[in-house]
Amino acid sequence: MKEQMVFEKNVFNKTSRTESEIAFFGGMTIVYKNSIDLFLYVVGSSYENELMLMSVLTCLFESLNHMLRKNVEKRWLLENMDGAFLVLDEIVDGGVILESDPQQVIQKVNFRADDGGLTEQSVAQVLQSAKEQIKWSLLK
């Protein structure tokens, strides 16, 4: 945790004073964008394609921009953190890029939001479904 905080502080110090959109730091490729009082970063290994990382960042920013009604700033993001996590969850999973089209992300997030969010019952349903899938995969 301490190393992560040092890394984040160093990245911010390096990127907050420049107008570029890409940085290389500590063997990592970092693309970033700032909006009012908020910095958004996408970090990948030095072998990652910068255009793909920028595509993820653009998708994230545009999706948040739509979700927050063009108010991409710290206060609005903190008030809508659950939606921001849904957006991020639709874009990447475990470092794998799932979606890079903001319209598709917004559509999926709106669909999930229409479901009424996660409740105890829906969590139980997810766990039951996972148990069923594991059971059937073991029986094959």
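Quick caveat: nothing in here was measured; it's all calculated off a predicted structure.

Engineer: Can you explain the overall build of the protein chain? Please cite residues and give values.
Structural biologist: Assigned secondary structure in the protein chain consists of six helices and five strands. Counted from the first residue to the last, the protein chain has its helices and strands arranged as α-β-β-β-α-α-α-β-β-α-α. Expressed as a percentage of its 140 residues, the buried residues of the protein chain come to 26%. The contacts of the protein chain with a sequence gap of at least 6 include a subset with a gap of at least 24, amounting to 35%. Total accessible area computed for the protein chain in this model is approximately 10,200 Å², and 56% of it derives from carbon and sulfur atoms.

Engineer: Could you give an account of unusual backbone geometry, with specific residues and numbers?
Structural biologist: In the Ramachandran plot, I36 falls in the positive-phi region, its phi being about 55° despite a non-glycine side chain. Counting through the fold element by element, I36 comes out in the loop between strand 2 (28–35) and strand 3 (38–45). I36 sits in the exposed class, given a relative accessible area of 68%. Not every positive phi belongs to a glycine, and R69 is a case in point at roughly 55°. Relative to the elements of secondary structure, R69 occurs in the loop between helix 2 (50–67) and helix 3 (74–79).

Engineer: Provide a residue-level description of the nonpolar core, including the pertinent values.
Structural biologist: Judged by nonpolar contacts, the single largest core of 19 residues is most densely connected at L40, V42, L64, L77, V87, I91 and V105. For this core, the secondary-structure elements that each account for two or more residues are strand 3, helix 2, helix 4 (81–91) and helix 5 (102–114). Looking at which element gives the most residues to this core, the answer is helix 2, with seven residues. Those residues within four positions of V42 in sequence are excluded, and the remaining contacts are T29, I30, V31, L53, V56 and L57.

Engineer: An account of the pattern of salt bridges is requested, with residue identities and associated values reported.
Structural biologist: For the coordinates displayed, the defined rule picks out two salt bridges. For E79, the salt bridge goes to R75, with nearest N and O atoms at 3.8 Å. With E79 and R75 both in helix 3 and four residues apart, this pair spans about one turn of that helix. When the shortest N-O distance is used, the salt bridge between E99 and K108 registers 3.5 Å.

Thresholds applied
Residue positions within a chain follow its written sequence, with the count starting from 1. In keeping with the predicted nature of the model, local features appear solely for residues at pLDDT of at least 70, side-chain atom pairs appear and are counted solely at 80 or more, and the whole-chain, interface and lining totals rest on all residues. For side-chain calculations, the full set of non-hydrogen atoms in the structure is used, while hydrogens and water are omitted. Put simply, DSSP H or I for four residues or longer makes a helix, DSSP E for two residues or longer makes a strand, and each gets a number counted from the N terminus. To sort residues, take the accessible area from a 1.4 Å probe on protein chains only and compare it with the maximum for the residue type: under 20% means buried, over 50% means exposed, and anything in between is partly exposed. When checking whether two residues touch, look at their non-hydrogen atoms; a contact exists if any pair is within 4.5 Å. Computed with the Shrake-Rupley method and a 1.4 Å probe, the accessible areas treat only the protein chains shown as cover for residues. Side-chain atoms within 4.5 Å are what join buried Ala, Val, Leu, Ile, Met, Phe, Trp, Tyr and Cys residues into a set we call a nonpolar core. Should a side-chain nitrogen of Lys or Arg be within 4 Å of a carboxyl oxygen of Asp or Glu, the pair is scored as a salt bridge.

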